[in-house]
Structures are given as C-alpha cells and as structure tokens.
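# Overview (structure and organization)
Take a look at the letters that make up each chain.
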Amino acid sequence: MSTTERIDLLPPEPLKAGFAQFLKFYPDSFCLGQLTRVTETAGPEGASLLERLSIAYRHAHESHPQVASGVWQIIDGHKAEIHRAAMAGDLAALGEFLRRPASSMLFHGFDQPTINSIKHINNVGWLTNYRALSLGSLRRLAEAMGALPMIYPEGFGIEADVVSNTVCDTETILNAIEAELGVRLAFPNPFIDELGLETPDGTASYRAIQSAYQAWRLAQLANRHRAVDTVHSALEIGGGTGRTAFQAFRLGIEDYTIVDLPTTSLVQGYFLGMALGPDRICLEGEPMKERSVKLVSPPALLGGRSWDIAASFDALVEFSENDAASYIDFIIANACALLSINRESKSYTVRSLLKARGLIAQRSPCWTRHGYAEELLTLPLGTTGRRE
C-alpha cells in the first residue's frame, strides 16, 4: 500500500529550457489532471524476494560474466554501489536502493526517479510539462484504441467539432479506456518518490502510461500471431522496470520473458514481485514456470521454443549495432512477429537491421510517443525469407 501527496501547480510557469515542451501532444489547457508523488510504500514481506533477487544476480554474474554494450557501458558505470550490495547479499542495502530509487542512479536509462531527476520536484515549469506529457499520452492511448475520438486541431473553436475536442480529465480518459479494454488499469507504486497522475488505482507515471499502450499493442497482436494453441507468450528485449510485462500479464499474456542486464533485472524482479506477487516471477537460475514472467540475462536466453510475439520498446537501438543485430537474428528464428517502438536518432535503426536481412516491417509513428517509429514484422518461423 502506498501513500501519496498532491502537488500544486499554481501559478503555471513556462519551461525555459529543455526539450520536454516539444513532446506534448496537446496544449496545457487540454490536460486536466492531478499530479501526485509517492511518499511512502511498503517493502516486501520478509527477506524472501530480496534474497531471491540477490541470488539470481550473483548467479548471472558468476555463471556468465557480461559486458554491457552501447550506451549501457556508460549507464552501468553509475550503478557500482547497487552491484556491490547485490553481490554481497546485503539485503538491507539492496532493499533501500530498490524502494528508494531517487537515492541513486539505479533507474538511469529506463525510468524515474533518479538522484538527478528528483531535483525537478520543485520546478513548476517542468512539472507542468510532465503533467501535460503524461495526460496527453494517456489520451492518445484512448484515441489509439478508439475509446475516445481523436482531437481535431483544425476544428479548435468550431462549434461543430466540439465533440472530439472536449477537454477530458484523467478519470474520464481512464473510464473510456477501461470500458474498451474490459479490464481496470492498475498502476502499482512500490517506489518512493514516483511521480505521476492521480488515479483510483495508483500514481500513473509517464513511463507507466507508455507501458499500458505497449501492453495493449502486445495483447492485440499476440493472438493474431499465435504460434500454438497454448498460453499467450511474449519475449521483450530490454524490459525497463517491468511495467509492460505487468500490464501485458493482466491482459492475458501469461508466458512472458524479459531479457536484460542483471542490474535492470533487479528492478524488474522487485517491481513484478511486488505488483504481481513473488510466485508469478521466475528469476535466472530458478525453475521456469509456464504462467509467469521470466527474467533472464542475455547469455541465458535460449532458443528451441517459439514466442507469439517479440518486442523491443525504447531499447534495441541502445545496444551496440552487433548486439542489436544478434537479437534481430534470434527473433527471426524464434518468434512469430516482432513489434518495435524505437527512436531513429542513432547510426543504425531497426529498419536498417531488418532491411539488411531482406525484411520489411509495417511502419507508422507511435501513437503515444513523439519521435518513435512503431514497426510490426510478421515472421515465418525459422526462416530469414522476406514475408510481406
């Protein structure tokens, strides 16, 4: 159970620097929502979950030492103190790092808060933009699934277009999404200082909203590209905090595998252990259960099975090009489809990796995130031939 405090944003202030103002979908006047910050949250009951996380972390490092690639070489260097706590089995220290991510750079590279991002907590301009970005993304999720009509910018101020241009608050948008999904959205908050929109079921951060969209897309596609008549399955390359896995599990994808670096897997294991329950996760070195979220490091990812869909969200182009190419080859051999939502500001793109293999994906802008290409590739299992 978490407790929160409301954050007042009056009077609003323009953001004087940074890029966040260019990421918003809608004007501030269309973004009616209450920001809250998580001030307290319970840790795991007993030491069992933390002990499992520490054992799995040591197993990953001792069984197959790894070297981070791409931008993760820099990012992993910020997390030496977390590595020491996990390797030493210092459960008290490890638990504090996980419960209070704003005390370190543990989340750096995939989520907030960090010791740097928490400095914005008193910046009214930054907070105003964060609220608009979060609420705009939530509304875009509703528009993507048809739960709400799309806003029509050319019709602002025109009486005939008032239906689609109605201003909606968080509750109205969530009600529309949940009516369409038939599932109530939940936003677990096991992390102190998490910042987001106030909802009846937790504080919804920007990343949590992106994950809700990603999970909805996976759930849409998993059945369409289903390999066999069994439990819906997905493989995620780089799983962030584990938020997409959580939402996808609740939408019916109960055989879910995340491959990631051991430090990030610590966060995923903690979040999913708290949000889904410790019996719903399988950590590296543990027996793998079918209806669970499985967390493995790259060397432990084995083929010989198929997934209905593989995915990478804001991750694949963060590795070295060689590592990214290896993942593409693995996916081609072991999945029925690939869903990629990644930026294209690096020296290579997901499109260029696929094109080099004679593959062309369906392509569109991501509904909920400016500057990200959403690509869907249907794969004939076990081949590298082009399939339209």
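Residue positions are given per chain, counted from 1 along the sequence in the order it is written. Local features in this predicted model are restricted to residues of pLDDT 70 or higher, and side-chain atom pairs are both shown and tallied only at a pLDDT of 80 or more, whereas totals for entire chains, interfaces and linings draw on every residue. To obtain the side-chain values, all non-hydrogen atoms of the structure were used and water was disregarded.

## Brief notes about the overall build of the chain
Each helix is a run of DSSP H or I of at least 4 residues and each strand a run of E of at least 2, with the numbering of both proceeding from the N terminus. The helix and strand inventory of the chain stands at 11 helices and 14 strands. Type-normalised accessible area, obtained with a 1.4 Å probe on protein chains alone, sets the label of each residue: buried when under 20%, exposed when over 50%, and partly exposed for intermediate values. Expressed as a percentage of its 388 residues, the buried residues of the chain come to 55%. When the accessible surface of the chain is split by element, carbon and sulfur atoms take 53% of a total near 16,500 Å². For every accessible area listed, the method is Shrake-Rupley and the probe measures 1.4 Å; residues are considered covered only by the protein chains on display.

## A short note on the packing of aromatic side chains
The geometry of an aromatic ring pair is captured by two quantities: the separation of the ring centres and the angle between the planes. Here a Phe, Tyr or Trp ring, Trp counted by its six-membered ring, pairs with any other such ring whose centre lies within 6.5 Å, and the pair is stacked when the planes are under 30 degrees apart, edge-to-face when over 60, and tilted otherwise. Following the criterion strictly, the structure yields 10 aromatic pairs and no others. Taken together, a centroid distance of 5.6 Å and an interplanar angle of 40 degrees make the contact between phenylalanine 107 and phenylalanine 110 tilted. Taking 5.5 Å as the distance between ring centres and 45 degrees as the angle between the ring planes, the aromatic pair formed by phenylalanine 319 and tyrosine 327 counts as tilted. With respect to burial, phenylalanine 319 and tyrosine 327 carry one shared label: buried. Taken together, the aromatic side chains of Phe107, Phe110, Phe191, Phe246, Tyr270 and Phe271 make up a single cluster linked through ring pairs.

## Some points on the sheet that holds strand S3 (residues 35-41)
Strand pairing in a sheet relies on backbone hydrogen bonds, with the paired strands running either antiparallel or parallel. Pairing is antiparallel across the open sheet formed by four strands, whose spatial order is S1-S3-S5-S6. If you trace the sheet from one side to the other, it starts and ends with strand S1 (2-6) and strand S6 (202-204), each paired once. Between one strand axis and the next, the sheet turns by 55 degrees as a mean value, whatever way the strands run. Of the strand pairs in this sheet, S3 and strand S5 (residues 195-199) are connected by three bridges, and their pairing is antiparallel. Bridge pairing in S5 links threonine 36 to glycine 196. Strand pairing is assigned whenever DSSP detects at least two bridges linking the two strands. Here, axes are lines fitted to C-alpha atoms. For helices the fit covers the stretch in contact, and angles between N-to-C directions go from 0 to 180 degrees.

## Some words on the sheet that holds strand S8 (residues 255-259)
Spatial strand order, S9-S10-S8-S7-S11-S12-S14-S13: eight strands in an open sheet with mixed pairing. The open sheet terminates on both sides in strands that have one partner only, identified here as strand S9 (281-282) and strand S13 (362-365). Taken together, the four bridges between S13 and strand S14 (residues 372-378) define a ladder with antiparallel strand orientation. Paired with serine 364 across the two strands is glutamate 374, which belongs to S14. Here, residues are in contact when the closest pair of their heavy atoms is within 4.5 Å. Of the strands in this sheet, S8, strand S11 (309-313), strand S12 (337-343) and S14 touch helix H7 (residues 206-224), which is tilted by about 160 degrees from S11.

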